Amino acid sequence: VLENLLGMDPPPAPDDVPDLEDTAPPAAGASLRDRLELHRDSPTCSSCHALMDPIGFALEHYDGTGAWRETDDGEAIDAAGVLVTGEAFSDGESFRRILVENKADAFVRCLSEKLMIYALGRGPIAEDRCFFEAVERAALKGEYRFSAILKALIHSDSFQRIGSDAASIEE
């Protein structure tokens, strides 16, 4: 979640971290949130999970295919959380506002990098620095609409030269 939304690498897990199921036996009918809270009780686990879990909770209404759901295993979903930076949210919409108001640069950079990898078939290189700056300006100007970010990608030199880059590589 950290890597795909904010472009942050999670800290490496210590070697002795137990599996979620091995941390503590969950009570019958315990939700994923309940099981993660038991897992976070361990100081070894809490340092990483404090970064990741709240973001996952904000997105919990979406299943693995992106479909909306109200329940998980018959239990109502609680999408509230508090980020490690102290920002609290009650649902996915209030989490989105936090992203836009406080983490937009990191989100736009991460999204534009993922789009670039998909569109160009390669990761970013030093020459792409201007591309990322242009995308950030376009996103801000376009009120962080996806269409503004996508247009900036399409109009970038890197995207416009896809065919010529391939030809020069083959030579």
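It should be noted that the structure appears before, not after, this text.
Residues numbered from 1 in each chain as written. Predicted model: local features only at pLDDT ≥ 70, side-chain atom pairs only at ≥ 80, totals over all residues. Heavy atoms only, no water.

## What about unusual backbone geometry?
Backbone geometry follows two general trends: most residues other than glycine have a negative phi, and most peptide bonds adopt the trans configuration.
Inference 1: Within the chain, Asp73 stands out as a residue other than glycine whose phi angle is a positive 50°.
Inference 2: Of note, the phi angle at Glu143 is positive, near 55°, even though the residue is not glycine.
Inference 3: Structurally, the position occupied by Glu143 is in the loop between helix H7 (129-141) and helix H8 (146-154). (Helix = DSSP H or I, 4+ residues; strand = E, 2+ residues; numbered from the N terminus.)

## Re a nonpolar patch on the surface
Inference 1: Together, Val1, Leu59, Tyr62 and Trp68 make up a nonpolar patch on the protein surface, roughly 400 Å² of accessible area in all.
Inference 2: Its location among the elements puts Trp68 in the loop between helix H4 (43-58) and strand E1 (71-72). (Patch = residues over 30% accessible without salt bridge, like charges linked within 9 Å, V, L, I, M, F, W, Y side chains within 5 Å. Areas by Shrake-Rupley, 256 points an atom, 1.4 Å probe, with all protein chains shown as cover. Salt bridge = Lys/Arg side-chain N within 4 Å of Asp/Glu carboxyl O.)

## With respect to the packing of helix H3 (residues 32-40) against H4
Angle between the axes and distance between the axes are the two parameters that describe a pair of packed helices.
Inference 1: The contact between H3 and H4 brings their axes to 9 Å, and the two run at 160°. By the criterion of interaxial angle, the relationship of H3 to H4 is roughly antiparallel. As H3 packs across H4, the resulting crossing turns out to be left-handed. Contacts from Arg33, Leu36, His39 and Arg40 of H3 reach H4 at Cys45, Ser46, His49, Ala50, Asp53 and Phe57.
Inference 2: Grouping the amino acids of the contact of H3 with H4 by side-chain chemistry returns four nonpolar, three polar and three charged. (Axes fitted to C-alpha atoms, helices over the stretch in contact; angles between N-to-C directions. Parallel < 35°, antiparallel > 145°, perpendicular 65-115°, else oblique. Left-handed = near helix turned anticlockwise from the far one by under 90°. Contact = heavy atoms within 4.5 Å. Nonpolar A, V, L, I, M, F, W, Y, C, P; charged D, E, K, R; others polar.)

## Some remarks on the packing of aromatic side chains
Inference 1: Counted by the stated rule, this structure contains three aromatic pairs.
Inference 2: Seen from their ring centres, Tyr62 and Trp68 are 5.2 Å apart, and the 85° between their planes marks the pair as edge-to-face.
Inference 3: Taking 5.0 Å as the distance between ring centres and 65° as the angle between the ring planes, the aromatic pair formed by Phe131 and Phe132 counts as edge-to-face.
Inference 4: Under the relative-accessibility criterion, Phe132 is labelled buried at 2%.
Inference 5: Its guanidinium or amino end placed over the ring of Phe57, Arg33 lies 3.8 Å from that ring's centre, counting from NZ or CZ.
Inference 6: When the ring centre of Phe132 is taken as origin, the NZ or CZ atom of Arg109, which lies over that ring, is 3.8 Å away. (Phe/Tyr/Trp six-rings, centres within 6.5 Å; stacked < 30°, edge-to-face > 60°. Buried < 20%, exposed > 50% of the residue type's maximum accessible area, 1.4 Å probe, protein only. Lys NZ or Arg CZ within 6 Å of the ring centre and 35° of its normal.)

## Some thoughts on H8
Inference 1: For H8, the set of buried residues is Ala148, Ile149, Ala152 and Leu153. Down the axis of H8, the smallest arc covering the buried residues is 140°, so these residues share one side.
Inference 2: Here the buried face of H8 lies against helix H6 (104-120), H7 and helix H9 (157-160). (Arc of directions from axis to C-beta.)

## A few points about the nonpolar core
Inference 1: With eleven residues, the main nonpolar core is built from Val108, Leu115, Met116, Leu120, Phe131, Phe132, Val135, Ala139, Ile149, Ala152 and Leu153.
Inference 2: Sorting the residues of this core by element identifies H6, H7 and H8 as the ones contributing at least two each.
Inference 3: Within the second largest apolar cluster, ten residues are counted, among which are Leu5, Leu83, Phe95 and Ile98. (Core = buried A, V, L, I, M, F, W, Y, C linked by side-chain atoms within 4.5 Å.)

## Notes on the pattern of salt bridges
Inference 1: Scanning the model with the defined rule gives nine salt bridges in all.
Inference 2: For Glu60, the salt bridge is made with Arg69, and the minimal N-O distance between the two is 2.8 Å.
Inference 3: On the accessibility criterion, Glu60 (15% relative accessible area) is buried.
Inference 4: The class for Arg69 is partly exposed, based on a relative accessible area of 22%.
Inference 5: The salt bridge involving Glu133 is made with Arg129; its shortest N-O contact spans 3.8 Å. Here the residue Glu133 and the residue Arg129 both occupy positions in helix H7, the gap between them amounting to four residues, near one helical turn.
Inference 6: Among the charged side chains, a salt-bridge network with shared partners connects Glu60, Arg69 and Asp72.

## Things to note about a negative patch on the surface
Inference 1: Taken together, the side chains of Asp34, Glu37, Asp41, Asp73 and Glu75 make up a negatively charged region of the molecular surface.
Inference 2: The residue Asp41 is located in the loop between H3 and H4 in this model. (Lys, Arg positive; Asp, Glu negative; His and termini not counted. Charge placed at Lys NZ, Arg CZ, Asp CG, Glu CD.)

So, to be careful, I would describe these as geometric facts and stop short of saying anything about function.
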